[in-house]
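Geometric and topological summary
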Amino acid sequence: MSVLVQEDHAVTDEPSRIVNDFNINVATVNGSGSQTSNAVLIRALFNMGVPVTGKNLFPSNIQGLPTWYHVRLSKDGYLARRDGVEVMVCMNAATVVEDMESVAPGGIILYDDALPVANHRKDVTFFPMPVTKLVKEVNPPSSLKGYVANFVYVGVLAWLLEIEMEEIEAGLDWNFGGKRKPIEMNLTMAKAAYDWAAENLENNQPFRAARMNGFNEGKIMVDGNTAAALGAIFNGIQLMAWYPITPSSSIAETINKQGPKLRVDPDTGKATYAVIQAEDELAAIGMVVGAGFAGARSMTATSGPGISLMAEFIGLAYFAETPAVIWDVQRVGPSTGLPTRTGQGDILSTYYLSHGDTRHVLLFPATPKECFDFAGTAFDLAERLQTPVFVMSDLDLGMNTAISDRFEYPDQPMDRGKVVTEEQITEWGSKWGRYVDLDGDGIPYRSIPGNKHPRAAYLARGTGHNEYAIYSEDPKVWEKNIARIERKFETARTIVPKPEIFGDKDAAVGIISLGTNHEAVMEARDRLADAGVSSAYLRLRALPIGQEVRDFIDAHETIFVVEANSDGQLRLILQTEEPAQATRLIQAAKGDGWPITARWITETVLEHLGQ
């Protein structure tokens, strides 16, 4: 392996110090309250200006099993997951052996002194924490002792790494919404641990967090599911029908929480939207399709198993040409799979979802800001194209807090598409039919309930029909209708979000990727450049592909398709769309439930190139 792709620390002015360039891993037990302490920790670092990212690895149960929270500090602004652990916090006896073993040489280990030192390594530094003693001295309510205990490691970390305690308090204030009682209780614990560490530990370890600027200014920390919910609220959602499933549930929960503040008629005091928890995924998508037929902006949120159950209703919406928005927050499959691991394994099945000749519009957000924006884009496309539109998020984006650009209030009116008026029906006469293509783009004019023209009513059937929505099994009628829908799909190629392209247009190596792989690809390109490999990168933001993707493939000798699944699903779609270029598309797919790293991408590319 090339030295250039090793996980090296940055060189600092003081060689003994490694500042804002290391990984922290906190090992706890699911359900122990560590989510709060970890959220406060990462927010404190963010408020200090440090580029930081957190990845939560938790089990598919309520409590009792191991969980880890990985925090990366990167002074250079790299936000992808990175291999390696330099600062380990051990709070779980069940995993203490592997946790202590995982630390890189030269690293440090903080551990609850009730745990055994499972590995007496000479190449790391151990810092015991008297968790039980400190909790007893602070004496929180007995029912909360297990939760408050996590702020022991927050306080000790703050002293060792020089994290500002003022920012710990600010993080608590944010987390608890200004409620002083929980703020004071947890802050007292953190301060007690900080003071104990200052009196009893020698801070002879090299890792430090220092205030900096130039990266976090003007940005926020938020998760993609929250951003998606807010985007839906600000872009006119009228119905959210859902059935709970990890990792998508917080989209509906956030709409429920924020809707009463943001979407209430000021005159009547009534909500201008509805959230319905259905009895299952079939009922949820049925409600969404029905609301879309009625003219309402409607959506659901689910994950892979839910998408499978929705297939027949999606086919109905596709053929009856009814708007619907579906958020697929992807996790690892097949079957129930790994509900709390991230992946991009629904691309192929969702693109062709339902039986027969179907293809769908898919959007691929990469950041919380894009989740917010694509919420509106999805509604606009669904109504303009009169078809289901899928937003393909994933657990990493949906549930992990990330640094994001601020959201912008929509400055364009909602695109309701071709909604026919009573006057138009009168003017056009027999030229108009529900499925008549008057403009040549494959998109007909739809009528919605409330149009009083006697010819406006139609049956939105899923069986064969002609352009006037009248039942037909005539093969010529069928083929004409399918050909028109195919024209509509070709129109979609020209109006879906265009890809972003980075790098040298003349580079021999091209990379195509999507979604949350973006940060890892950008970092990998820097690593490849250090290894003497110039590259260009296309971030796909939607399917179907447009001419920009075809031109990018034509422009580069070798194209690596980077995606978080085992089958290379995006690559298969691209090979189908561009069969003449199929052999030049190299699979770079990894589906282990973790976000892809820059190191893995770099090594995969260099290995293929023989370097």
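Each remark here, short or long, concerns the structure printed above.
Quick look at the structure, then. (Residues numbered from 1 in each chain as written. Predicted model: local features only at pLDDT ≥ 70, side-chain atom pairs only at ≥ 80, totals over all residues. Heavy atoms only, no water.)

Turning next to the side chain of Asn23. On the secondary structure map, Asn23 appears in strand β2 (residues 21-29). Exposure remark for Asn23: the relative accessible area of 4% places this residue in the buried category. For Asn23, the side chain forms a polar contact with the main-chain oxygen of Arg82, separated by 2.9 Å. Contact partners of Asn23, with chain neighbours within four places excluded, come to Val71, Arg72, Arg82, Asp83, Gly84, Val85, Glu86 and Val87. (Helix = DSSP H or I, 4+ residues; strand = E, 2+ residues; numbered from the N terminus. Buried < 20%, exposed > 50% of the residue type's maximum accessible area, 1.4 Å probe, protein only. Polar contact = N/O pair within 3.5 Å; in protein donor to acceptor, adjacent residues only side chain to side chain. Contact = heavy atoms within 4.5 Å.)

So, about the environment of Phe234. Among the secondary structure elements, Phe234 is positioned in helix α8 (residues 224-234). Measuring from C-alpha to C-alpha, the distance between Phe234 and Arg263 comes to 8.4 Å, with 29 residues separating the pair along the chain. Beyond its immediate sequence surroundings of up to four residues, Phe234 is in contact with Leu262, Phe372, Tyr409 and Pro410.

This brings us to the pattern of salt bridges. Enumeration over the complete set of coordinates arrives at 38 salt bridges. Linking Glu162 and Arg208 is a salt bridge whose minimum nitrogen-to-oxygen distance equals 3.0 Å. Separated by 46 residues along the polypeptide, Glu162 in the loop between α5 (150-161) and α6 (165-175) and Arg208 in strand β8 (residues 207-208) bring together distant segments of the chain. The class for Glu162 is partly exposed, based on a relative accessible area of 41%. Accessibility expressed as a relative area gives 3% for Arg208, which makes it buried. In this structure, the salt-bridge partner of Arg539 is Glu500, at a minimum N-O distance of 3.2 Å. Of the two residues, Arg539 is situated in strand β20 (residues 535-540) and Glu500 in strand β18 (residues 500-503); the sequence distance between them amounts to 39 residues. For Arg539, a relative accessible area of 4% corresponds to the buried category. (Salt bridge = Lys/Arg side-chain N within 4 Å of Asp/Glu carboxyl O.)

The next subject is helix α3 (residues 131-138). Among all positions in α3, only Val131, Leu134 and Val135 are buried. On an axial view of α3, the arc spanned by its buried residues comes to 100 degrees, and they lie on one face. Turned more than 90 degrees away from the buried face of α3, the exposed residues are Thr132, Lys136 and Glu137. For α3, the elements touching its buried residues are β6 (103-112), β7 (125-129), α4 (145-148), α5 and α7 (180-200). Where α3 ends, the next residue or the one after it, Asn139, has phi of about 55 degrees, a positive value. (Arc of directions from axis to C-beta.)

Attention now goes to unusual backbone geometry. Put simply, Thr246 and Pro247 share a cis peptide bond, and its omega is 5 degrees. On the secondary structure map, Pro247 appears in the loop between β10 (239-242) and α9 (249-262). A cis amide bond links Leu543 to the next residue, Pro544, at an omega of 10 degrees. Note that Pro544 resides in the loop between β21 (542-543) and α19 (547-555). Of note in this structure, Asn20 is not a glycine but carries a positive phi near 55 degrees. With respect to the helices and strands, the residue Asn20 is situated in the loop between β1 (18-19) and β2.

Now for the pairing of strand β4 (residues 66-74). Regular strands have side chains that alternate between both faces of the sheet. Most of β4 is tucked away: eight of the nine residues are buried. Here β2 pairs with β4 via nine bridges, running antiparallel. Opposite Asp21, over in β4, you have Ser74 as the bridge partner. (Pairing = 2+ DSSP bridges.)

What follows concerns the nonpolar core. Nonpolar side chains in soluble globular proteins tend to end up buried together. Grouped together as the largest cluster of nonpolar side chains are 56 residues, with contacts concentrated most on Leu110 and Ile163. Counting 41 residues, the second-largest nonpolar core is a separate cluster that includes Ala296, Ile347, Ala536 and Leu543. (Core = buried A, V, L, I, M, F, W, Y, C linked by side-chain atoms within 4.5 Å.)

Pairing is mixed across the open sheet formed by six strands, whose spatial order is β3-β4-β2-β5-β6-β7. The outermost strands of the open sheet, each flanked by one partner alone, are β3 (52-57) and β7. Averaged over all pairs of adjacent strands, the angle between strand axes in this sheet comes to 15 degrees, irrespective of strand direction. Relative to β4, β3 is paired through six bridges, and the arrangement is antiparallel. From the neighbouring strand, Leu57 faces β4, where its bridge partner is Trp68. The strands that α5 touches are β2, β5 (85-90), β6 and β7; relative to β2, the one it contacts most, it runs at about 165 degrees. (Axes fitted to C-alpha atoms, helices over the stretch in contact; angles between N-to-C directions.)

As a further point, take the sheet that holds strand β19 (residues 509-514). Reading across from one edge, β18-β20-β19-β22-β23 is the order of the five strands in this open sheet, with mixed pairing throughout. Looking at which strands have only one partner, the edges of the open sheet turn out to be β18 and β23 (585-589). When the angles between neighbouring strand axes are averaged without regard to direction, this sheet yields 20 degrees. Bridge count for strand β22 (residues 558-563) against β23 is five bridges, and the pairing is parallel. Among the inter-strand pairings, Val562 is bridged to a residue of β23, identified as Ala588. Against the sheet, helix α18 (residues 518-530) touches β18, β19, β20 and β22, its axis set at about 175 degrees to β20. Here helix α21 (residues 598-609) sits on the sheet and contacts β19, β22 and β23; the angle it forms with β22, its principal contact strand, is near 150 degrees.

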